[in-house]
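# A look at the structure
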Amino acid sequence: MQIDNPELAQVGAVRDGSGGLDVEIRGLVKYFGERQVLHGLDLSIPAGEFVAIVGRSGCGKSTLLRQLAGLDSLSGGAIGFDGKARETFGDQVRIMYQEARLLPWRTVIQNVALGLPGSRAQVRAQAEEALAQVGLADRADEWPSRLSGGQRQRVALARALIHRPRLLLLDEPLGALDALTRIEMQRLIEQIWHQHAFTALLVTHDVAEAVALADRILLIEEGRITFDEPVDLPRPREHGEARFAALESRVLKRLMTVDALNPRNQLRGRVTEIVIGKVLSEVLVMTPAGVLSAAVPTSTLSEFPLELGADVLAVFKSNQVVLATSD
Ligand SMILES: Nc1ncnc2c1ncn2[C@@H]1O[C@H](COP(=O)(O)OP(=O)(O)OP(=O)(O)O)[C@@H](O)[C@H]1O
């Protein structure tokens, strides 16, 4: 790994991956009822590596993370950490989601300290330290509802860090943030990963985010890894840089190939209305199944303008579908 930033290089000099868990996955199979989601997935991640996983909606990314976190049973195959059974590592594996999942009736610091053993003073000191690491030391006694989306995610990160995870699983943690906050959070995650030297596994739909953060990018298609590419670029990485853009475009092309197209969780339609908001805009799409309302970051709309009447493909998260009767 090459580190150009002197601040990161300094920390990098003392990190040797010993803080991270070595992950070994062999022949992982997962069925939900009759439906097979993971098809004998094999993956080795050396301790301390930062791996990004991309793939079409519904290809099994979150399922893989849940298996690693021990939140779901395996239907077949094995997962080992440092050559031992996954179960022995408990709190050393933490997961962070797109939503911060904070308890609204507890203050920021109480959320961070949740479940931490020790005396009140010890726990408070540890939680304060974790909050300082994510730049929120001065918000400790506030309610989560007073924080912005980005700040809530910082709290969620502090809550994970306080347990000194050796494997941090990141399930699209920045997916709901605006573009600038997202880049700030990417830098924070990268910096903290350097300091703590944990192994990181990031699921993202944003290929640029994968290129910015990962040592290695994996593509999952239909429950298997079909693309595994090292990211050999100095850190911190600049989005506009030629090699960055070339890799981003290669991964995107791979992702867009017909083979990779997943017929599920997609609806073709036509844009009928665009309501521009400050951070999020609403795009209404007429599809054969009815009108679909999509919340799109306004920054994305300025980068990739959409016009009324444009033909689009609406792709949605497989585990966030809400069905309601038409009346
Ligand atoms: N608890 C569950 N019960 C039944 N099916 C499930 C369950 N969880 C996930 N699935 C199905 O497994 C498949 C993979 O889901 P998963 O959430 O892993 O996809 P993903 O790649 O993370 O998608 P997305 O990018 O939309 O989050 C989907 O078809 C989904 O509907």
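Residues numbered from 1 in each chain as written. Predicted model: local features only at pLDDT ≥ 70, side-chain atom pairs only at ≥ 80, totals over all residues. Heavy atoms only, no water.

As annotated in an unreviewed UniProt entry, the protein carries the name ATP-binding cassette domain-containing protein and comes from Candidatus Accumulibacter contiguus. Check the Sequence similarities (unreviewed entry) section of the UniProt entry for the protein; it says "Belongs to the ABC transporter superfamily." (UniProt positions renumbered as here; feature names shortened; annotations may be inferred.)

## Concerning the packing of aromatic side chains
The tally for this structure, following the rule as stated, stands at 2 aromatic pairs. Where Phe50 meets Trp193, the ring centres are 5.3 Å apart and the plane angle is 80°; that geometry is what we call edge-to-face. Taken together, the residues Phe50 in strand E3 (residues 50-54) and Trp193 in helix H6 (residues 179-196) connect sequence positions 143 residues apart. Residues Phe50 and Trp193 agree in their burial class; the two are buried. Taking 5.7 Å as the distance between ring centres and 80° as the angle between the ring planes, the aromatic pair formed by Phe81 and Phe89 counts as edge-to-face. Each member of the pair Phe81 and Phe89 is classed as buried. Positioned above the aromatic ring of Tyr97 is the side chain of Arg101, whose terminal nitrogen or guanidinium carbon lies 3.6 Å from the ring centre. (Phe/Tyr/Trp six-rings, centres within 6.5 Å; stacked < 30°, edge-to-face > 60°. Helix = DSSP H or I, 4+ residues; strand = E, 2+ residues; numbered from the N terminus. Buried < 20%, exposed > 50% of the residue type's maximum accessible area, 1.4 Å probe, protein only. Lys NZ or Arg CZ within 6 Å of the ring centre and 35° of its normal.)

## Things to note about the environment of Gly77
Note on placement: Gly77 falls in strand E4 (residues 76-81). Sequence separation between Gly77 and Arg26 is 51 residues, and the spatial gap between their C-alpha atoms is 5.6 Å. Leave out the neighbours within four places in its chain, and Gly77 touches Arg26, Gly27 and Leu28. (Contact = heavy atoms within 4.5 Å.)

## Some remarks on the nonpolar core
In this structure, Phe50, Val112, Leu131, Val134, Leu157, Val211 and Ile217 are the most contacted members of the largest nonpolar core, which totals 54 residues. In terms of nonpolar packing, the next biggest core, distinct from the first, is built from 27 residues, Leu38, Leu43, Leu65 and Ile95 among them. (Core = buried A, V, L, I, M, F, W, Y, C linked by side-chain atoms within 4.5 Å.)

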